[in-house]
Amino acid sequence: MFTLPHQFEFLSDAWLDEARRFLERETVQRKDRLGGRPFSVAERFINAPPHMTCADNVAQWSMRYDGDKVTVAREFDENADQRIEGDYQAALTAAQFVGLLAPGAMKAMLRELRAVYGKDRLPRIAGSLPDPQANELMGHLHDHLGRRTVENPDLAHRAAAQGLTANIREMEETGYTVIEKAISPDFAEDVRHATLRALSEHNTISLQWMLYHGREIELLALNPKMMTLIDASLGRGAVIASLSAIRKGPGPGFIPNHTDYSHVPEPYPEFAMTGVGVWALEDWTAASGPTWIIPGSHRMRRAPRPGEGHNGGVPIEMPKGSAVYFTSGVWHWQGDRTEPGERVTLHMHYNRGILRSLEPKKVDPLHRNPPRLGEMLGEDDWFDKMAGIGRDHVRFQHMLQLHKFTDQKKREILETA
Ligand SMILES: [Fe+2]
């Protein structure tokens, strides 16, 4: 398994053991509230990644409370009160969501699952738990495990499940790719409001440290499709360099042709150092002043010189809720806005884990998020952690293993093209 000791993969033996421990403890503590009323839940997901070594790649489990004792089993239970079935990767994204009992959270989570995986891969829920106390307990179990459940480390399997295999090949070729409608229009609207709120509060047209300006931004930073592109270009353990917002009205663009590498000696390395994902919170058209990119310019492995032209540049046109991700030092600039209104964007800039960041990192959001957020805040690698007593060898080995597996799977993606 590819985790630190306090984390686990979804539906692994360690995950199941933790579910059992949690339920045994909580059913005792909540005995009066549960009132001796039995309930049971079973889950079964197909297409689990092969390294999980589940029979027929089907990952499953069930739990049953008989009114007194709880049992947790590896087998599916056809007679459980509630039965949840579907695709492993989509279920894993749901399993990483923390805060399920917040008002409207379940509905919003399912809405975003649909945006990422399509409606056919959504988990199907049959039956229900009639007792609100049982529902609450299972919600807390979900969050308890969610804070400890890691992303699928098999990059090729994950990319395939998210429909991103071609995007990863395209990104190697051109230096960028677009993920269309990776979030729902409703969520794009929520993020736009949160962004404008932060900009207005600070009376500015651009702002850094956006991760700390609202739950909406935290959830966006965890977008599973964006994470897969980051892993594919920067490797695991990539960290947030900066997370910024820009508000732009009509007029010429004010960011000229550039690469996102700062102080990187030329020629740039052949591997990517930095990647930036920009979220479109309105429809992007040539008139709205989108980012322009010169496809393949990353192959020059240098920054544009003063006065060097815009030959071959293309405007990034995409509907609201999409993102463009560009990397490897590809040339790009901010386009002119020829239509009225404003463009509001979030720029998520990630660095390969061996590099320093622009923004200092704060760990406040960790308790309400899955380990994936900790990874991008540098929690899972050994940098900045050496203590008087020595190096963090556990994190060193963990990241080394993740890099090896990710490299192997990326080669698989590119070589089978
Ligand atoms: Fe840039």
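Residues numbered from 1 in each chain as written. Predicted model: local features only at pLDDT ≥ 70, side-chain atom pairs only at ≥ 80, totals over all residues. Heavy atoms only, no water.

In ideal tetrahedral geometry, four donors around a metal make angles of 109.5 degrees, whereas ideal octahedral geometry with six donors gives angles of 90 or 180 degrees. Binding of the iron ion to the protein goes through H258 (NE2), D260 (OD) and H332 (NE2), at separations of 2.1 to 2.2 Å. Donor residues for the iron ion sit on one chain with the sequence pattern H-x1-D-x71-H. Of this pair, D260 sits in the loop between β8 (239-248) and β9 (274-280) while H332 sits in strand β13 (residues 332-334), and the two are 72 residues apart along the sequence. (Donors = N, O, S within 2.8 Å, 3.2 Å for Na, K, Ca; no water. Helix = DSSP H or I, 4+ residues; strand = E, 2+ residues; numbered from the N terminus.)

Under the counting rule described, the total for this entry stands at 2 cavities of 30 Å³ or more. For the largest cavity, the calculated volume is near 70 Å³. Lining the largest cavity are F2, Q7, V150, E151, R236, P371, R372, E375, D380, H398 and L402. Of all the elements in the fold, those that place two or more residues in the lining of the largest cavity are α11 (371-376) and α12 (393-415). Each residue belonging to the lining of the largest cavity can be placed in one class, and the counts come to 4 nonpolar, 2 polar and 5 charged. Looking at the second largest cavity, its volume works out to about 40 Å³. Around the second largest cavity, the lining residues are T259, D260, Y261, T274, F326, T327, S328, G329, V330 and H332. Per-class residue counts for the lining of the second largest cavity are 3 nonpolar, 6 polar and 1 charged. (1 Å grid on protein atoms, 1.4 Å probe; cavity = no way out; pocket = protein on both sides within 12 Å on 5 of 7 lines; lining within 4 Å. Points joined across faces, edges and corners; volume = space filled by probe spheres on them. Nonpolar A, V, L, I, M, F, W, Y, C, P; charged D, E, K, R; others polar.)

Let's shift gears to the environment of A90. Its location among the elements puts A90 in helix α3 (residues 88-95). Residue classification places A90 among the buried residues on the basis of a relative accessible area of 0%. Ignoring sequence-local partners within four residues, the contact set of A90 consists of L113, Y117 and R121. (Buried < 20%, exposed > 50% of the residue type's maximum accessible area, 1.4 Å probe, protein only. Contact = heavy atoms within 4.5 Å.)

This brings us to the side chain of N369. Structurally, the position occupied by N369 is in the loop between β14 (343-351) and α11. Residue N369 is classed as buried on the basis of its relative accessible area, which comes to 2%. Side chain to side chain, N369 and E218 meet in a polar contact 3.0 Å long. Other than its neighbours up to four places away in sequence, N369 contacts V98, R147, R215, E218 and L222. (Polar contact = N/O pair within 3.5 Å; in protein donor to acceptor, adjacent residues only side chain to side chain.)

With that settled, the discussion passes to the nonpolar core. The biggest cluster of nonpolar side chains holds 51 residues, and the ones touching the most others in it are L243, W279 and Y350. It is helix α8 (residues 185-201) that provides the largest number of residues to this core, a total of 7 residues. (Core = buried A, V, L, I, M, F, W, Y, C linked by side-chain atoms within 4.5 Å.)

In this section: the sheet that holds β9. Here 6 strands make up an open sheet; going across it, the order is β6-β12-β9-β14-β8-β7 and the pairing antiparallel. The open sheet has two edge strands, β6 (176-179) and β7 (206-207), and neither has a second partner. One ladder, built from 7 bridges, connects β9 with β14; its direction is antiparallel. Paired with V276 across the two strands is H349, which belongs to β14. Helix-sheet contacts for helix α7 (residues 165-174) involve β6 and β12 (323-327), and the interaxial angle to β6 is about 150°. Each of β6, β9, β12 and β14 touches helix α10 (residues 224-234); the most contacted strand, β12, lies at about 10° to it. (Pairing = 2+ DSSP bridges. Axes fitted to C-alpha atoms, helices over the stretch in contact; angles between N-to-C directions.)

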